[in-house]
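# Residue-level structure breakdown
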2 protein chains.
Amino acid sequence: MTELPIGLVQQACSADLKSNLETTVAAIRDLATQGARLVVLQELHRSVYFCQQEDPAIFDLAESIPGPTTDVLGALARELNLVIVASLFERRAPGLYHNTAVVLDSDGSIAGQYRKMHIPDDPGFYEKFYFTPGDMGFQPIATSVGKLGVLVCWDQWFPEAARLMAMAGAEVLIYPTAIGWSREDDTDEQERQRQAWVTIQRSHAIANGLPVVAVNRVGYEDNPSGGEGIDFWGTSFVAGPQGEILYSAGTGSPENALVKVDLARSESVRRIWPYLRDRRIDHYGDLLKLYRD
Amino acid sequence: MTELPIGLVQQACSADLKSNLETTVAAIRDLATQGARLVVLQELHRSVYFCQQEDPAIFDLAESIPGPTTDVLGALARELNLVIVASLFERRAPGLYHNTAVVLDSDGSIAGQYRKMHIPDDPGFYEKFYFTPGDMGFQPIATSVGKLGVLVCWDQWFPEAARLMAMAGAEVLIYPTAIGWSREDDTDEQERQRQAWVTIQRSHAIANGLPVVAVNRVGYEDNPSGGEGIDFWGTSFVAGPQGEILYSAGTGSPENALVKVDLARSESVRRIWPYLRDRRIDHYGDLLKLYRD
């Protein structure tokens, strides 16, 4: 198979975990009837984006992998004969939690998982409180539809992560995401932020000659500690290996989309743009430093 | 000074080296009267883009650094009290040539040079015949207007180069460039290429929180070995540290532009988007390989 039908589920979430999962499952079933062989879910789709506050009680939302959500989604993947990229709040041990993407293969098994490596921490996005940075590195996950370079949200701002996935044979980069606007920013600033988010991910497609799939949540979520909440900006999209936009969702509504991506086109593009040929690894050593001072 | 007035010279070149330099000098004088403190020239502005063919006689175009062009531009920089980023075909020794950017400081001295590290080689762009890949690494050049992260053309496709310059304290990334369309490609492909070129360079601004200046040549140049030549697509531009476009030239004509860039904004942007804080250098080791196999 060189043309892969990929489903994207851009959804709005509430505090009702059961209802969120029902919405997700219904979307996956809908995309399966349209022919999806791979479905990508947004970051932390089981719940609201709970990192607007730091509250130890919220660790109750975390679950093991395998666990209740992978049981449901694994069975669904097997039933529908497709691959699912899910994003969970992983409870690895008491006091040790991760922001983890897990891939359910079309036979229902867990093909692999990726623990978010770069963890943000900004006003409204207090992720360093909840998530230990991943310890599994940047390894694509082999599935029945190809090698998936699964990364998560904040990773999308780091060209190093995309490069390492491509260098390990990833055929597509996948970013479950939860990003949105603060109402304290004016509309110019909001648009600069959204365009930057699209641009940096398109650039990973270009630099590495492979398609990129980004799935973001949508809708307004309150800030439980007071003040403005977050308007998640949707804009889930797929870019081809030249960074060209193949599909882009709106900013305001849930949206399920099926996008057919020609995986064979990556090698054609890499032949005319042979960046992998010309990397100067003899002079890249300082990339392993924080700063060159 | 935090607001730096930067001049861009997007020009068309002919086989007449003297005339090309006269055009460049006139443009720099014009930009100086508008207040430029830094002027960026396009790649190999002394000549046509000669790499459409492989011809040993073309090495006659190469010159030493310091040499005749740096003498002219150094004197001009001193007279006009501004910094010039030039791009020359460097003759380092008989049989050893580089594609070199040289920075003339406002006192007329050579502030530093950068030898293009990543060398392309594609139909119509036979640079590996002419240019030995640089041996000076990725070092910003300190000048009277700040630390300049000068890179050249093909480097623009490599996030590693931009990152290393930012990590060494570059305050602005600068790309003299010569890139254009083949008439054998249809207009959709041509536009994908141009957009990819803009997008990847905007992404370096975003990933590193600093402004980017790209200056490209314009006009059609024949292919001396027959067949179609190259339509250089202009589109010289400046992006701010969120990747936002501050200025963009057209695709069809020579254009001199003065763009004021607020260098102090970089730190504000890096405070809300603190990517330098979160790089996972403990897992970046494989970036020093060609491939992870």
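For the structure itself, look to the data block above.
A brief look at the structure comes next. Just so you know, these numbers come straight off a predicted model, no measurement behind them. (Residues numbered from 1 in each chain as written. Chains lettered and ligands numbered in written order. Predicted model: local features only at pLDDT ≥ 70, side-chain atom pairs only at ≥ 80, totals over all residues. Heavy atoms only, no water.)

### A word on the relation of the copies chain A and chain B
Expressed as a screw operation, the relation of chain A to chain B combines 0.0 Å of axial shift with a rotation of 180°, fitting to an RMSD of 0.0 Å. Both copies are brought into coincidence by an operation consistent with a two-fold rotation axis. Interface overlap between copies: 100% of the residues of chain A at the interface are likewise at the interface in chain B, consistent with a symmetric, same-surface contact. (Least-squares fit on C-alpha atoms with pLDDT ≥ 70 in both. Contact = heavy atoms within 4.5 Å.)

### So, the packing of helix H4 (residues 159–167) of chain B against helix H5 (residues 187–208) of chain B
Residue and element names in this part refer to chain B. One can describe the packing of H4 onto H5 by two numbers: an axis separation of 10 Å at closest approach and a directional angle of 40°. The orientation of H4 with respect to H5, classified from their angle, is oblique. Considering only the axes of H4 and H5, their crossing is right-handed. Residues Pro159, Ala162, Arg163 and Ala166 of H4 pack against His204, Ala207 and Asn208 of H5. Looking at the contact of H4 with H5 residue by residue, the class counts come to 4 nonpolar, 2 polar and 1 charged. (Axes fitted to C-alpha atoms, helices over the stretch in contact; angles between N-to-C directions. Helix = DSSP H or I, 4+ residues; strand = E, 2+ residues; numbered from the N terminus. Parallel < 35°, antiparallel > 145°, perpendicular 65-115°, else oblique. Left-handed = near helix turned anticlockwise from the far one by under 90°. Nonpolar A, V, L, I, M, F, W, Y, C, P; charged D, E, K, R; others polar.)

### What about the interface of chain A and chain B?
Taken residue by residue, the interface counts 60 residues in chain A and 60 residues in chain B. For the pair chain A and chain B, the summed buried area comes to about 5600 Å², and 61% of that belongs to carbon and sulfur atoms. Three residues, Met167(A), Leu287(A) and Arg292(A), lead the burial of chain A against chain B; their summed loss comes to 13% of the area buried on that side. The tally of links from chain A across to chain B stands at 6 salt bridges. (Buried area = accessible area lost by both parts, 1.4 Å probe. Salt bridge = Lys/Arg side-chain N within 4 Å of Asp/Glu carboxyl O.)

### Observations regarding the sheet that holds strand E3 (residues 83–93) of chain B
Residue and element names in this part refer to chain B. Taken in spatial order, the 6 strands of this open sheet run E5-E4-E3-E2-E1-E15, and their pairing is mixed. For this open sheet the edge positions go to strand E5 (110–115) and strand E15 (255–262), each flanked by a neighbour on one side alone. In this sheet, neighbouring strand axes are inclined to one another by 30° on average, regardless of whether the strands run parallel or antiparallel. Note that strand E2 (residues 38–41) and E3 share 3 bridges and pair parallel. Residue pairing for E3: Val40 is matched across the bridge by Val85. Sheet contacts for helix H2 (residues 68–80): E2, E3, strand E4 (96–104) and E5; angle to E3, the most-contacted strand, approximately 160°. (Pairing = 2+ DSSP bridges.)

### Focus on the nonpolar core
Membership of the largest hydrophobic core comes to 123 residues, with the highest contact counts inside it found for Leu38(A), Leu148(A), Trp157(A), Leu38(B), Leu148(B) and Trp157(B). Beyond its immediate stretch of four places on either side in the chain, Trp157(B) contacts Arg163(A), Ile206(A), Ala207(A), Tyr275(A), Ile179(B), Gln193(B), Ala196(B), Trp197(B) and Ile200(B). Ranked by size, the runner-up nonpolar core spans 20 residues in total, among them Val9(B), Val25(B), Leu82(B) and Ala86(B). (Core = buried A, V, L, I, M, F, W, Y, C linked by side-chain atoms within 4.5 Å. Buried < 20%, exposed > 50% of the residue type's maximum accessible area, 1.4 Å probe, protein only.)

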